[in-house]
Amino acid sequence: MNAPLQVLSRNKPLIGLIVLMTAVAVMSPSFLTVDNLLNILRQTSINAVIAVGMTYVILSGGIDLSVGSVLALCGAVCAWLVAGDVSVWLAISLTLLLGAGLGAMNGAVVGFGGVQPFVATLVAMTMLRGATLVFTDGRPITTGTGAGADAFWSVGGGYVAGIPVPVVIAALVFTVFGLVLTRTRFGRYTYAVGGNEVVARLSGIRVGVQKVAIYGVAGLLAALAGVILTARLESAQPTAGAGYELDAIAAVVVGGTSLAGGRGTLFGTLVGALIIGVLNNALNLMDVSSYYQMIAKGAVILLAVLADGRRSQ
Amino acid sequence: MAPAPGTPDPDAILDLRGVDKAFNGVSVLEGVDFSLRAGEIMALIGENGAGKSTLMRIVTGIITADRATTMTWRGGPAGFATPRRAMDAGIAMIHQELNLLPHLTVAENIGLGREPLTRLGLIDRARLRRDAAALLARLRQPIDVDRPVGTLSVGQQQMVEIARALSLDARLLIMDEPTDALTDVETAVLFEVIRGLKAEGKGIVYISHRLGEIFTLCDSVTVLRDGRTVHRGPVAELDEATLIRHMVGRAITDQYPYLACPPGPERLAVEGVSAEGVRDVSFTAAGGEIVGFAGLMGAGRTELGKAIFGASPLRAGRIRVDGQEVRLRHPRDGITAGIAYVPEDRKAEGLIQPHSIRTNMSLAALARFCRPGGVIRRADERAAVDRFMAAFAVRARGIGAEVRTLSGGNQQKVSLAKALMLSPRVVILDEPTRGVDVGARREIYGLINELKAGGLCILLMSSDMPELLGLSDRILVMAGGRLTGRFARGEATQEAIMARAVG
């Protein structure tokens with residue numbers, strides 16, 4: 001077997017993506033156009049960025065349901081800062097710091113408090129959504145017309161060499177966090193904690209500290225997604241990001257990462273996010289009602305999980 | 001008496017001849033013969049990878065044979081398509097890793113899946129408990145049927161498994177390394193139970209690496225080597241040396257090679273240490289010395305090892321390494337102090353089973369292969385892993401192979417290599433040859449002696465008495481968390497140690 005075929009045979013999600021794209025291209029002539037493909041990438045980029053953090057959390061054997069609420073609160077804070085004429089870079093940096101901090105709190109509750117990740121982040125999801133509503137008073141916060149507002153908009157709506165900025169950001173995020181996962185101690189420890197926590201501890205890994213950092217990454221990237229979304233819309237919605245945790249989890253799982261932890265790749269997550277993006281786009285192109293789209297998305301996730309169940313037997 | 005290879009045995013209840021099995025084109029069993037009579041205790045032995053478990057997986061319907069000239073079970077066909085059918089036909093296997101649900105009670109575990117019902121369709125708890133108690137009484141094991149199985153000792157859990165097999169009306173019981181986790185007393189009890197089953201006319205297949213047990217317990221023996229039956233016959237006609245020769249295809253002359261070393265300076269000093277399961281333990285150990293720890297299950301050896309390593313907190317006492325007092329609050333502190341720990345339970349504590357040899361072996365010592373900032377120097381890591389693979393003769397497809405695909409012996413070597421990559425000054429080996437076959441044991445003993453010669457201070461915790469007596473310079477005995485005996489090499493005997501271990 002030659003090399004490309006080997007890559008494919010070990011990578012069922014990639015086969016799925018190729019089959020899906022081929023089928024859609026046959027059914028809809030407007031699918032395979034540069035504009036449409038860039039459009040898919042742009043629409044996928046927010047979920048993709050969140051899914052990178054989710055991959056870390058799931059690899060460590062956890063789950064993070066709070067990413068949508070973190071996105072909303074951070075987006076609102078960012079819009080408020082930009083509208084208050086704080087310099088754009090400072091506003092973004094503070095927002096990312098806030099996201100990382102909120103994530104780290106999740107990590108502390110899980111890693112030191114011994115609370116199940118599902119419960120800990122469900123609580124955080126609820127509380128942070130409430131905090132967002134309190135902070136915004138239930139109304140959108142626009143980024144205003146101040147000096148930084150235009151520059152801020154380009155983070156979500158601009159282009160670099162013809163490529164949407166969010167796509168560039170997502171590509172950078174995948175590259176950097178992909179390298180961290182495969183080439184650094186931090187990445188190895190993440191896999192080890194998810195693979196077997198007892199072994200990890202006996203190998204000298206401070207499991208609690210590691211979890212704080214892992215959930216911190218998830219919070220940081222949820223905040224980054226919030227920045228992109230807020231920039232693109234030029235305002236922060238208090239209900240933004242609701243349900244995004246499920247899309248991110250779906251991308252990770254469709255990408256072949258085991259929900260049991262310890263096994264999976266960031267490349268798989270990229271493919272998983274693209275599958276979901278292409279699917280949404282195709283159903284739109286074919287004028288399928290968004291009600292049916294939810295059913296279709298659910299079916300794809302179910303297929304992926306079933307395939308994973310087979311594999312691990 | 002079992003017949004010679006190839007010839008049928010008209011009295012056999014299980015008769016397999018000419019069994020072939022290959023996985024992915026690699027032949028695992030080639031023309032294997034195996035038969036057993038009612039009321040016979042048949043030892044099935046061979047090195048890891050010889051085909052014992054494959055053969056038993058065929059018998060219990062987990063996999064099917066590719067070919068066989070004969071496969072009969074009590075006069076009918078024996079190639080069961082599913083484990084369920086094998087079970088219904090009266091074949092039960094008691095696995096090395098017991099298959100019990102720890103949170104359910106003894107009675108619930110014994111009756112699992114076949115709970116008696118009342119007329120209302122609810123579980124008839126009274127009958128469930130009565131049936132379980134009756135089965136345990138038949139085994140003469142007074143175990144409280146209302147206790148959660150997780151609170152029982154390993155030996156008692158095994159009795160629950162056997163009771164469960166009996167409740168299924170098993171006529172053939174396959175036991176895989178049943179005494180590995182048992183104390184000598186528990187082993188004696190188990191043997192009594194097995195003899196009782198034999199008297200009831202059950203067939204027993206007894207898989208073990210402990211050759212002494214085979215001579216004590218078994219009637220006949222079948223030896224597999226490299227997927228072939230190399231010997232079948234009564235145990236009485238054999239001695240240990242012949243059996244080993246059959247297993248490995250060569251003679252192993254000195255099973256426990258003792259290495260006399262000039263003792264080095266004091267390396268480890270443990271003073272009045274108390275911790276979970278450990279009470280007021282003091283001893284010292286030198287470089288180039290193997291200090292053996294004997295004791296029954298639950299005597300506190302594992303707990304002591306973990307306390308010295310920093311995996312369980314000290315309640316009192318001090319620990320010094322090379323004269324320097326060390327504060328241990330996390331395994332990381334132990335590692336920093338130059339202490340390495342090789343856990344008894346490779347699956348749960350030693351290695352991440354679905355991960356590669358490479359990432360497992362380098363996990364504890366990863367910091368050594370990192371640039372500042374935590375970027376792994378992968379070439380250095382690879383070189384180190386390769387070096388240990390070669391030095392320890394780990395047999396695997398490559399360093400990317402998943403640990404769970406390795407035999408017990410090779411897993412143990414990886415686990416040892418993982419600890420030694422830290423270049424420790426003190427290494428704690430907890431049951432280093434548990435579940436390891438004779439050939440690999442020899443290799444591990446050789447490695448331990450090499451480390452000893454290299455000036456390492458070695459604490460050896462083992463339930464295998466000949467191993468302990470064979471390798472150690474001194475033996476300390478534990479009971480109830482305390483040190484109850486100290487013996488120099490030469491004055492230690494099994495009897496003397498046992499007297500202290502039960503006291």
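Rules of the game
Residue positions within a chain follow its written sequence, with the count starting from 1. Lettering for chains starts from A, numbering for ligands starts from 1, and both go in the order in which the items are written. Residues qualify for local features only when their pLDDT is at least 70, as the model is predicted, and side-chain atom pairs are given and counted only at 80 or more; totals for whole chains, interfaces and linings, by contrast, use all residues. The side-chain quantities take in all heavy atoms of the structure and omit both hydrogens and water. Any two strands with at least two DSSP-identified bridges between them are counted as paired. What counts as a helix is a DSSP run of H or I of at least four residues, what counts as a strand is a run of E of at least two, and both are numbered from the N terminus. Burial classification: accessible surface area is computed with a 1.4 Å probe over protein chains only, and a residue below 20% of its type maximum counts as buried, one above 50% as exposed, and the rest as partly exposed. Side-chain atoms alone can form a polar contact between residues adjacent in sequence; in general such a contact is a pair of N or O atoms within 3.5 Å, and within protein one must be able to donate a hydrogen while the other accepts it. Residues are treated as being in contact if the distance between any of their heavy atoms lies within 4.5 Å. A pair of Phe, Tyr and Trp rings is counted when the ring centres sit within 6.5 Å of each other, with Trp represented by its six-membered ring. The angle between the planes then sorts it: under 30 degrees is stacked, over 60 is edge-to-face, the rest tilted. Counted as over-ring charges are cases with an Arg CZ or a Lys NZ within 6 Å of the ring centre that also lie within 35 degrees of the ring normal. Domain start and end points were adopted from an automatic or database domain assignment. Axis definition: a line fitted to C-alpha atoms, limited for helices to the stretch in contact. Angles are taken between N-to-C directions and run from 0 to 180 degrees. Throughout, the term roughly parallel applies to angles under 35 degrees, roughly antiparallel to angles over 145, roughly perpendicular to angles from 65 to 115, and oblique to all others. Any residue that is not Ala, Val, Leu, Ile, Met, Phe, Trp, Tyr, Cys, Pro, Asp, Glu, Lys or Arg is counted as polar, Gly included; the first ten are nonpolar and the last four charged. One fewer than the residue count of a helix, multiplied by 1.5 Å, yields its expected span. Of all possible arcs, the one meant is that of the directions from the helix axis to the C-beta atoms. One side-chain nitrogen of Lys or Arg within 4 Å of one carboxyl oxygen of Asp or Glu is enough to make a salt bridge. Residues enter a nonpolar core if they are buried and are Ala, Val, Leu, Ile, Met, Phe, Trp, Tyr or Cys, with the set joined through side-chain atoms within 4.5 Å. Two cysteine sulfur atoms form a disulfide, by the criterion used here, when they sit within 2.5 Å. Summed over both partners, the accessible area (1.4 Å probe) lost when two parts come together is defined as the buried area.

## Details of the sheet that holds strand β4 (residues 70-73) of chain B
Two strands in a sheet stick together by hydrogen bonds in their backbones, pointing the same way (parallel) or opposite ways (antiparallel).
Residues and elements named next belong to chain B.
And then number 1: If you walk across this open sheet you meet the four strands as β2-β1-β4-β5, and the pairing is antiparallel. At either end of the open sheet lies a strand with only one pairing partner, and these are β2 (26-37) and β5 (76-77).
And then number 2: Where β4 and β5 come together, two bridges link them in antiparallel fashion. By the bridge assignment, Thr 72 is partnered in β5 with Pro 77.

## Notes on the side chain of Ser 362 of chain B
And then number 1: Tracing the backbone through its elements, the reader meets Ser 362 of chain B in helix α12 (residues 357-362).
And then number 2: On the basis of relative accessibility, which here comes to 0%, the residue Ser 362 of chain B falls in the buried class.
And then number 3: Of note is the side chain of Ser 362 of chain B, whose polar atom sits 2.7 Å from the side chain of Glu 381 of chain B.
And then number 4: Excluding its chain neighbours within four sequence positions, the residues that come into contact with Ser 362 of chain B are Arg 188 of chain A together with Phe 369, Glu 381 and Met 421 of chain B.

## Let's talk about the packing of aromatic side chains
And then number 1: Evaluated as defined, the whole model comprises eight aromatic pairs over all chains.
And then number 2: Where Tyr 56 of chain A meets Phe 186 of chain A, the ring centres are 6.2 Å apart and the plane angle is 35°; that geometry is what we call tilted. Of this pair, Tyr 56 of chain A sits in helix α3 (residues 34-59) while Phe 186 of chain A sits in helix α9 (residues 185-195), and the two are 130 residues apart along the sequence.
And then number 3: Residue classification places Phe 186 of chain A among the partly exposed residues on the basis of a relative accessible area of 23%.
And then number 4: Note on Phe 388 of chain B and Phe 392 of chain B: the rings are 5.5 Å apart at their centroids and 80° apart in plane angle, and the pair reads as edge-to-face.
And then number 5: The class of Phe 388 of chain B is buried, set by a relative accessible area of 15%.
And then number 6: Taking relative accessible area as the criterion, Phe 392 of chain B reaches 7% and is therefore assigned buried.
And then number 7: Directly above the ring of Tyr 258 of chain B sits Arg 489 of chain B, whose terminal nitrogen or CZ lies 3.5 Å from the centroid.

## A short note on the domain arrangement of chain B
And then number 1: The domain boundaries assigned to chain B delineate domain 1 (1-90 + 171-253), domain 2 (102-169), domain 3 (254-338 + 424-503) and domain 4 (350-422).
And then number 2: Look at where the C-alpha atoms of domain 2 of chain B and domain 4 of chain B centre, and you get two points 42 Å apart.

## Structural notes on the packing of α3 of chain A against helix α11 (residues 207-233) of chain A
All names here are of chain A.
And then number 1: Contact geometry for α3 and α11: axes closest at 7 Å, N-to-C directions at 170°. By the criterion of interaxial angle, the relationship of α3 to α11 is roughly antiparallel. Mapping the contact onto sequence places Arg 42, Ile 46, Val 49, Ile 50, Val 52, Gly 53, Tyr 56 and Val 57 in α3 and Ile 214, Tyr 215, Val 217, Ala 218, Leu 221, Ala 222, Leu 224, Ala 225, Ile 228, Leu 229 and Arg 232 in α11.
And then number 2: Split into classes, the residues belonging to the contact of α3 with α11 amount to 16 nonpolar, one polar and two charged.

## A word on unusual backbone geometry
And then number 1: Within the chain, Ala 161 of chain A stands out as a residue other than glycine whose phi angle is a positive 50°.
And then number 2: Relative to the elements of secondary structure, Ala 161 of chain A occurs in the loop between β2 (159-160) and β3 (163-164).
And then number 3: Overall, Ala 161 of chain A belongs to the exposed group, its relative accessible area being 79%.
And then number 4: Non-glycine residue Arg 74 of chain B carries a positive phi angle of around 50°.
And then number 5: Counting through the fold element by element, Arg 74 of chain B comes out in the loop between β4 and β5.

## A look at helix α6 (residues 117-136) of chain A
Spacing of three or four residues puts side chains on the same side of an α-helix, whose turn is 3.6 residues.
All names here are of chain A.
And then number 1: With 20 residues, α6 extends 28 Å from end C-alpha to end C-alpha; this agrees with the ideal 28 Å at 1.5 Å per step.
And then number 2: Within the sequence span of α6, burial applies to Pro 117, Ala 120, Thr 121, Ala 124, Leu 128, Arg 129, Thr 132 and Thr 136. Down the axis of α6, the buried set is contained in an arc of 160°. They therefore lie on one face. Facing away from the buried surface of α6 by more than 90 degrees, the exposed residues are Thr 126, Met 127 and Val 134.
And then number 3: Buried residues in α6 make contact with α4 (67-83), α5 (88-111), β1 (141-142) and α11.
And then number 4: Positive backbone phi, at 60°, marks Asp 137, one or two positions downstream of α6.

## Re the pattern of salt bridges
And then number 1: Scanning all chains against the criterion turns up 33 salt bridges over all chains.
And then number 2: Among the salt bridges present, the one from Lys 211 of chain A reaches Glu 197 of chain A, with a minimum N-O distance of 3.0 Å. Of the two residues, Lys 211 of chain A sits in helix α11 while Glu 197 of chain A sits in helix α10 (residues 197-202), which places them 14 residues apart along the sequence.
And then number 3: Each of Glu 271, Arg 318, Arg 320 and Glu 325 of chain B takes part in one network of salt bridges that share partners.

## Quick notes on the nonpolar core
And then number 1: Core analysis: the largest hydrophobic core is formed by 95 residues, its most contacted members being Leu 268, Phe 283, Phe 293, Ile 308, Met 361 and Leu 459 of chain B.
And then number 2: Considering every element that reaches this core, the biggest residue donor is helix α15 (residues 438-453) of chain B, with six residues.
And then number 3: Built from parts of two domains, this core gets at least three residues from each of domain 3 (254-338 + 424-503) and domain 4 (350-422) of chain B.
And then number 4: Not counting residues within four places of it along the chain, the set of residues in contact with Leu 268 of chain B comprises Phe 283, Thr 284, Ala 285, Ile 308, Ile 319, Arg 320, Val 321, Val 426, Cys 457 and Leu 459 of chain B.
And then number 5: Core analysis: the next-biggest nonpolar cluster, separate from the first, contains 64 residues, Ile 63, Ile 214, Ile 228 and Ala 273 of chain A among them.

## Observations concerning the pairing of strand β12 (residues 278-286) of chain B
And then number 1: Inspection of the sheet shows strand β11 (residues 266-275) of chain B paired to β12 of chain B by six bridges, in the antiparallel sense. Looking across to β12 of chain B, one finds that Leu 268 of chain B is bridged to Ala 285 of chain B.

## As for the sheet that holds strand β3 (residues 41-45) of chain B
Residue and element names in this part refer to chain B.
And then number 1: Reading across from one edge, β6-β7-β8-β3-β9-β10 is the order of the six strands in this open sheet, with mixed pairing throughout. For this open sheet the edge positions go to β6 (91-94) and β10 (228-234), each flanked by a neighbour on one side alone. Between one strand and the next, the sheet's axes are offset by a mean angle of 15°, whatever the strand orientation.
And then number 2: Against the sheet, helix α8 (residues 240-248) touches β3, β9 (220-225) and β10, its axis set at about 30° to β9.

## What about the side chain of Lys 418 of chain B?
And then number 1: Mapped onto the elements, Lys 418 of chain B comes out in helix α14 (residues 408-420).
And then number 2: When neighbours within four sequence positions are excluded, Lys 418 of chain B is seen to be in contact with Val 199 and Ser 203 of chain A together with Gly 350, Leu 351, Asn 360, Met 361 and Ala 364 of chain B.

## Focus: the state of the cysteines
Think of a disulfide as a covalent bridge from one cysteine sulfur atom to another cysteine sulfur atom.
And then number 1: Counted according to the given criterion, the structure contains zero disulfides over all chains.
And then number 2: Cys 78 of chain A forms no disulfide, and the closest cysteine sulfur to it belongs to Cys 74 of chain A, at a distance of 8.7 Å.
And then number 3: Note on Cys 78 of chain A: relative accessible area 0%, which makes it buried.
And then number 4: Looking at the unpaired Cys 457 of chain B, the closest cysteine sulfur is the one in Cys 261 of chain B, lying at 12 Å.

## Some remarks on α9 of chain A
And then number 1: Counting buried residues along α9 of chain A, eight of its 11 residues qualify, which places the element largely inside the surrounding structure.
And then number 2: Those residues of α9 of chain A that sit buried are Gly 187, Arg 188, Tyr 189, Thr 190, Tyr 191, Ala 192, Val 193 and Gly 194 of chain A.
And then number 3: Elements that come into contact with the buried residues of α9 of chain A comprise α3, α8 (165-183), α10 and α11 of chain A together with α12 and α13 (378-391) of chain B.

## A few points about the interface of chain B and chain A
And then number 1: Taken residue by residue, the interface counts 31 residues in chain B and 20 residues in chain A.
And then number 2: Regarding the contact of chain B and chain A, the summed buried area is about 2200 Å², with carbon and sulfur atoms giving 56% of it.
And then number 3: When the shortest N-O distance is used, the salt bridge between Glu 381 of chain B and Arg 188 of chain A registers 2.7 Å.
And then number 4: Listing elements by their share of the side of chain B that touches chain A, those giving two or more residues are α10 (331-336), α11 (346-350), α12 and α13 of chain B.
And then number 5: Among the residues making up the side of chain B that touches chain A, the classes are represented as 16 nonpolar, eight polar and seven charged.

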